Amino acid sequence: MRCCPRCRHPRTSPLPPADAEKTVTGLASKVVTKGAGTDHPRIQDRVRVNYTGWTKGGEMFDSSVSRGTPAVFGVGQVIPGWTEALQLMVAGERSDGSGSQRSSRTGRRRGGAPAGDLTFDVELIEVMKAPDPPKVPDDVAAAPKTAKKTASGLAYRVLSPGTGPHPKATDAVRVHYTGWTTDGKMFDSSVMRGQPITFSLAQVIKGWTEGVQLMKVGEKARFWIPGDLAYGDKPTRPGAPAGTLVFDVELLGIIGQPVSAAPSASAK
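This one's a predicted model, so the numbers in the text were calculated from it and none came from an experiment. (Residues numbered from 1 in each chain as written. Predicted model: local features only at pLDDT ≥ 70, side-chain atom pairs only at ≥ 80, totals over all residues. Heavy atoms only, no water.)

1. Thoughts on the overall build of the chain
- A tally of helices and strands in the chain yields 5 helices and 14 strands.
- By element, 53% of the accessible surface of the chain is carried by carbon and sulfur atoms, the whole surface being about 13,900 Å². (Helix = DSSP H or I, 4+ residues; strand = E, 2+ residues; numbered from the N terminus. Areas by Shrake-Rupley, 256 points an atom, 1.4 Å probe, with all protein chains shown as cover.)

Following this line, the structure appears as structure tokens:
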């Protein structure tokens, strides 16, 4: 017998049913209740779900149902099996899914995380679509002649002027930003996440520390940051982009000071 997503009891069989559909990764799933939605979540979208998870031995190890509060997270911010399975679903659908360790978890285990094959009953309540990616700048390959340059090699131009004060190197700021490599590949964006970021200017890459101090609150600017002011031409930080990086930045406010620009969409 298989328990429904709203049941808190252990499953008598942790194995997927014989008629479950399987993918090449080893993920098995079966639709329990069809959803009324038509759009599948994309990897950049956020979702609201109810779920219950069991180990291969039938022990329940996690459940938003038992907590009484649905979970909200990004489709691309969870274990690979979830990322894959959610993109197969539509809003309102309830599915039963099982997967091997390689599809349900990464090779590393967090403290206390269950190991091996995991089974989840998932109800996709809502899909929160991420905004479309910001347009790649026409001048992303190199700073135009009209861009201002500093002694460090940082180039920038103002896209929209601001009216507030300049931050200091010791200030914390709130910004929206999008970053591209010079071949036009977007590698990070608070705009896509729909949430501004707050950080200390003393704790980010040198190009950000210098560049944001040139801005006024409410201003939008584009920066061309050479590798030696970013992560280097051969970054040692895993996943960091190499070489010259291009950022569009909107300075929303300086922490501890009145905000003259309302958050609109926004690095370290």
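2. As for the packing of aromatic side chains
- Taken as a whole, this structure holds 11 aromatic pairs when the rule is applied.
- On the numbers, 5.7 Å between centres and 85 degrees between planes, the contact of Phe61 with Phe120 is edge-to-face. Of the two residues, Phe61 sits in strand β4 (residues 60–63) while Phe120 sits in strand β7 (residues 118–128), which places them 59 residues apart along the sequence.
- Ring plane angle 75 degrees and centroid distance 5.1 Å describe the contact between Trp82 and Phe120, whose orientation is recorded as edge-to-face. With Trp82 in helix α2 (residues 80–86) and Phe120 in strand β7, this pair connects stretches of sequence that are 38 residues apart.
- For Trp82, a relative accessible area of 9% puts it in the buried group. (Phe/Tyr/Trp six-rings, centres within 6.5 Å; stacked < 30°, edge-to-face > 60°. Buried < 20%, exposed > 50% of the residue type's maximum accessible area, 1.4 Å probe, protein only.)

3. Section: the side chain of Glu219
- Along the chain, Glu219 falls in the loop between α5 (206–213) and β13 (220–225).
- Buried within the structure, Glu219 lacks any salt-bridge partner; its nearest side chain of opposite charge belongs to Lys216, at an N-O separation of 6.4 Å.
- Look past the residues within four positions of Glu219 in its chain and what remains in contact with it is Val158, Ser160, Pro161, Gly162, Leu214, Val249, Glu250 and Leu251. (Lys, Arg positive; Asp, Glu negative; His and termini not counted. Salt bridge = Lys/Arg side-chain N within 4 Å of Asp/Glu carboxyl O. Contact = heavy atoms within 4.5 Å.)

4. Remarks on the confidence of the model for the chain
- For the chain, per-residue confidence averages 85 on the pLDDT scale, and residues scoring 70 or more make up 84% of the total.
- When the criterion is pLDDT under 50, residues 259–268 qualifies, and its contacts beyond four places in sequence or with other chains add up to 39 contacts. (pLDDT = per-residue confidence, 0-100.)

5. Considering the pattern of salt bridges
- Following the criterion strictly, the structure yields 11 salt bridges and no others.
- A salt bridge links Arg42 to Asp45; the shortest N-O distance between them is 2.9 Å.
- Exposure remark for Asp45: the relative accessible area of 0% places this residue in the buried category.
- Notably, a salt bridge pairs Lys168 with Asp171, separated by 3.6 Å at the nearest N-O pair.
- Residue class for Asp171 comes out buried when judged on its relative accessible area of 12%.
- The network of salt bridges with common partners includes Asp139, Arg157, Arg222 and Asp248.

6. Focus on the nonpolar core
- In terms of nonpolar packing, the biggest core is built from 26 residues, with Val175, Trp208 and Ile225 touching the most fellow members.
- Among the secondary structure elements, those contributing two or more residues to this core are β10 (172–181), β12 (197–200), α5, β13 and β14 (245–254).
- Per-element accounting of this core gives the leading share, 5 residues, to β14.
- One finds Ala71, Ile79, Leu118 and Val122 within the second-largest nonpolar core, a separate group that totals 15 residues. (Core = buried A, V, L, I, M, F, W, Y, C linked by side-chain atoms within 4.5 Å.)

7. Comments concerning the pairing of strand β2 (residues 28–33)
- Across 2 bridges, the pairing between strand β1 (residues 21–22) and β2 is antiparallel. The residue of β2 that forms the bridge with Glu21 is Ser29.
- Between β1 and β2, which pair antiparallel and follow one another directly, the connecting turn spans 5 residues, one of which, Gly26, has a positive phi of 105 degrees. (Pairing = 2+ DSSP bridges.)

8. With respect to the environment of Ser95
- Positionally, Ser95 belongs in strand β6 (residues 94–99).
- Placed 27 residues apart in sequence, Ser95 and Val122 show a C-alpha to C-alpha distance of 5.3 Å.
- Among the polar contacts listed, one links the side chain of Ser95 to the side chain of Glu93, at a separation of 2.9 Å. (Polar contact = N/O pair within 3.5 Å; in protein donor to acceptor, adjacent residues only side chain to side chain.)

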